[in-house]
Amino acid sequence: MKQYAYYPGCSLESLAKSYHLSSIEAARELGLELKEIEDWNCCGATAYFHVDELLAYTLVARNLALAEKENLDFVAPCSGCYKNAYFTNDYLQQDPGLAEHINFALEEDNLHISGPINVRHLIEVFVEDVGFEEIKKHVSRPLKDLRVAPYYGCQLLRPKKDSEDVENPQFFEDLLSAIGSDPVEYGSKTHCCGSSLIITNREAALDMVYKLLQDAANREADVIATICPLCNVNLELYQKQVNREFGTDFSMPVMYFTQLLGLALGVEPGRLGIGKDFVSTDSMQFIMQNPQSS
Amino acid sequence: MAAKLTFSKEIANLLYAMHGNPIKDCIQCGTCSGTCPAVEFMDHSPRELIAMIGANLKDEVLHSNTYWSCASCYYCNVRCPAGIDIADLMYALKRYSMWKDQYKKDLIGPKFSESFVKMIMRTGRSFEPVLAPSYIFKYGTRGIIQEAQTASALVLKGRLPLLPKKIKRLENLKRMVRRIIPIGEPS
């Protein structure tokens, strides 16, 4: 079993519990082990970077050093954690002075970073390491006739890293096709969900969530698939409030891509955290009740 | 004697480590403002704010809600034709305004960020209920009731533990932080 140093991040212990459950299950079905990093700490989210950049890098560096000790790729299912880890790792490589300063602090926990460390988002592991052909081979319950709106959000793609397509990526659509569903084309797929503005400027965040839901609904999506706990929470948990503020009646299921992947791989819905949602997924029963083709 | 530092130089210095180009490269094209999903909730668009920094309008910049309305989506960054790291400029302005303690007092962002940092220093991980006092009272009675209802529904769904988790080596983490910023003993 190929192993990864898995960094769940704080949301996956609470609001995004089902993302954690479904990630582990889907990975196992495909022969991957997500080995949780021992005693990991918060990555600083965005708020820590509002206060002190150097301290925020130090928090992230501790998690990177813990992964380096295991000699495994660092994998984060949350786009925010991923972005923080990716760029901290990058800065530590580019700036030996910064690395020296942070390694001095890491000594207090008997840790050290030499780097570079491979920092990956969970979806990259499925797309790049497993691959679409291999995933297809393992699909026992194809999500036939399910119209899925792939929602990339922001921080997986941006800031720009190498040569990735930041305006019109396709790998999420390809993954959704590999599990038998119909990916929906819609213009908002790389727009912002409002992230932590849902707390600090709710009016602005709800406006962004409303536009996203409306776009997916106009394209007759059955479900929105997410790759980040914050995107999921904003689109799902606050959907009712959007309906109140905008006089809409959205009942758009929002699921983590790992839940859809897990379903297609034949995992029982309860083990993927389905049922913990606020927007009912009953409209998708036709998929869940599909007998598995063998 | 050193010349007095202008506000625009001071902000430029804050950005010295940035990978993007300095804000003096801004051509005022407005691509950032046209791209920004939060622009209609800002009192000055990102383009205007950059012009205001260039014009040394320090008080106006410090009392703007623009950078506190930035969601860190980085769309402006990838589209800026001058290659300016605009989202990181917004971060730098957040830090500057908190450091100077000069921000609009009705904003939730600064208090929220401050309580977030304190929380991490106490437990090493994030736990949403600990943060609630930093913003909930700004939501009004109806808002507070809604938040309480959401929280209890989350608990019932098994999506909100009742107690925060503490990391095991919290004392080491605290000592690490003191090596970065020697602030003396924590109170």
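Residues numbered from 1 in each chain as written. Chains lettered and ligands numbered in written order. Predicted model: local features only at pLDDT ≥ 70, side-chain atom pairs only at ≥ 80, totals over all residues.

### Side note on the overall build of chain B
For clarity, the threshold we go by: By definition, any uninterrupted DSSP run of H or I lasting at least four residues is a helix, any uninterrupted run of E lasting at least two residues is a strand, and each is numbered from the N terminus. Here a residue counts as buried when 20 or more other C-beta atoms sit within 10 Å of its C-beta, as exposed when there are 12 or fewer, and as partly exposed otherwise, the C-beta atoms being derived from the backbone. Once C-beta atoms are placed from the backbone, any two residues with those atoms within 7 Å are in contact.
The helix and strand tally for chain B stands at 10 helices and 0 strands. The N-to-C order of helical and strand elements in chain B reads α-α-α-α-α-α-α-α-α-α. In terms of overall dimensions, chain B has C-alpha extents of about 55 × 40 × 30 Å along its principal axes. Looking at chain B as a whole, 31% of its 187 residues qualify as buried. In chain B, of all internal contacts separated by at least 6 residues, the share reaching a separation of at least 24 is 57%.

### Structural notes on the sheet that holds strand β4 (residues 119–121) of chain A
All names here are of chain A. Put simply, the rule is: Two strands are said to pair when DSSP picks up at least two bridges between them. Helix axes are fitted to C-alpha atoms over the stretch in contact, other axes to C-alpha atoms as well, and angles between N-to-C directions run from 0 to 180 degrees.
Pairing within the open sheet is parallel, and its 4 strands lie in the order β2-β1-β3-β4. Both outer strands of the open sheet, β2 (32–36) and β4, are each paired with one neighbouring strand and no more. Sheet twist, expressed as the mean angle between neighbouring strand axes with direction ignored, is 40 degrees. Bridge count between strand β1 (residues 2–6) and strand β3 (residues 74–76): 2 bridges; the pairing is parallel. Within β3, the position partnered with Y6 by the bridge is V75. Across the sheet, helix α4 (residues 79–94) lies against β3 and β4, angled at about 160 degrees from β4, the strand it touches most.

### Brief notes about the interface of chain A and chain B
Applicable threshold: Lys, Arg, Asp and Glu make up the charged group, whereas Ala, Val, Leu, Ile, Met, Phe, Trp, Tyr, Cys and Pro make up the nonpolar group; the residues left over, Gly among them, are polar.
Between chain A and chain B, the residue contacts involve 42 residues of the former and 48 residues of the latter. Of all the secondary structure elements, the ones that give two or more residues to the side of chain A that touches chain B are α2 (47–51), α3 (53–70), α5 (96–106), α9 (197–200) and α10 (202–218) of chain A. Ranked by the residues each element gives to the side of chain A that touches chain B, the list is headed by α2(A), at 5 residues. When the residues that make up the side of chain A that touches chain B are grouped by side-chain class, the tally is 22 nonpolar, 10 polar and 10 charged.

### Here's the deal with the nonpolar core
All names here are of chain A. Inclusion rule: The nonpolar core is taken to be a set of buried Ala, Val, Leu, Ile, Met, Phe, Trp, Tyr and Cys residues joined by way of C-beta atoms within 7 Å.
Grouped together as the largest cluster of nonpolar side chains are 152 residues, with contacts concentrated most on F74, V75, A85, V209, I224, A225 and L260. Considering each element in turn, this core owes the most residues, 10 residues, to α3. The residues contacting A85, other than those within four sequence positions of it, are C43, V60, N63, L64, F74, A76 and V119.

### Examining the packing of α10(A) against helix α12 (residues 239–246) of chain A
All names here are of chain A. Quick reminder of the rule: Here is the rule for angles: anything less than 35 degrees is roughly parallel, anything more than 145 is roughly antiparallel, 65 through 115 is roughly perpendicular, and the remaining ranges are oblique.
Remark: α10 packs on α12, axes separated minimally by 10 Å, with the N-to-C direction vectors making an angle of 95 degrees. When the interaxial angle is binned, α10 and α12 end up roughly perpendicular. Residues L206, V209, Y210 and L213 of α10 form the contact with α12, whose participating residues are Q239, Q241, V242, E245 and F246.

### Details of the pairing of strand β5 (residues 147–150) of chain A
All names here are of chain A. Our working definition: Handedness rule for crossovers: strands pointing away from the viewer, path from the first strand over the helix to the second running clockwise, crossover right-handed.
Of the strand pairs in this sheet, β5 and strand β6 (residues 182–183) are connected by 2 bridges, and their pairing is parallel. Paired with V148 across the bridge in β6 is P183. Crossover connection from β5 via helix α8 (residues 171–178) to parallel β6: handedness right-handed.

### Some words on the confidence of the model for chain B
Residue and element names in this part refer to chain B. Short version of the rule: What pLDDT reports is the predictor's confidence in each residue, on a scale of 0 through 100.
On average, residues of chain B score 90 in pLDDT, and 94% of them are at 70 or above. Mean pLDDT values over the elements of chain B span from 82, in helix α1 (residues 7–14), up to 98, in helix α2 (residues 31–35). What the predictor reports for the complex is a pTM of 0.95 with an ipTM of 0.94.

### Observations regarding the domain arrangement of chain B
Operational definition: Domain extents, as shown, originate in an automatic or database domain assignment.
As assigned here, chain B comprises domain 1 (7–99) and domain 2 (109–180). Here the C-alpha centre of domain 2 of chain B lies 29 Å away from the C-alpha centre of domain 1 of chain B.

### Examining helix α6 (residues 122–130) of chain A
Residues and elements named next belong to chain A. Basically, it comes down to this: To be clear, the arc concerns the directions from the helix axis to the C-beta atoms.
Those residues of α6 that fall on the buried side of the exposure criterion are L122, I123, V125, F126 and V130. Viewed along the axis of α6, the buried residues span an arc of 160 degrees, placing them on a single side of the element. G131, located one to two residues past α6, shows a positive phi value of around 90 degrees.

### Examining the domain arrangement of chain A
All names here are of chain A. If you check the domain split of chain A, you get domain 1 (2–122) and domain 2 (140–288). A straight line from the C-alpha centre of domain 1 to that of domain 2 covers 24 Å. Each partner contributes to the interface: domain 1 provides 22 residues, whereas domain 2 provides 25 residues. Only α1 (17–29) and α4 provide two or more residues apiece to the side of domain 1 that touches domain 2.

### A few points about the pairing of β1(A)
All names here are of chain A. Two elements, β1 and β2, share 5 bridges in a ladder whose sense is parallel. Of the residues in β2, the one forming a bridge with Y6 is E36. Crossover β1 to β2 through α1 is right-handed.

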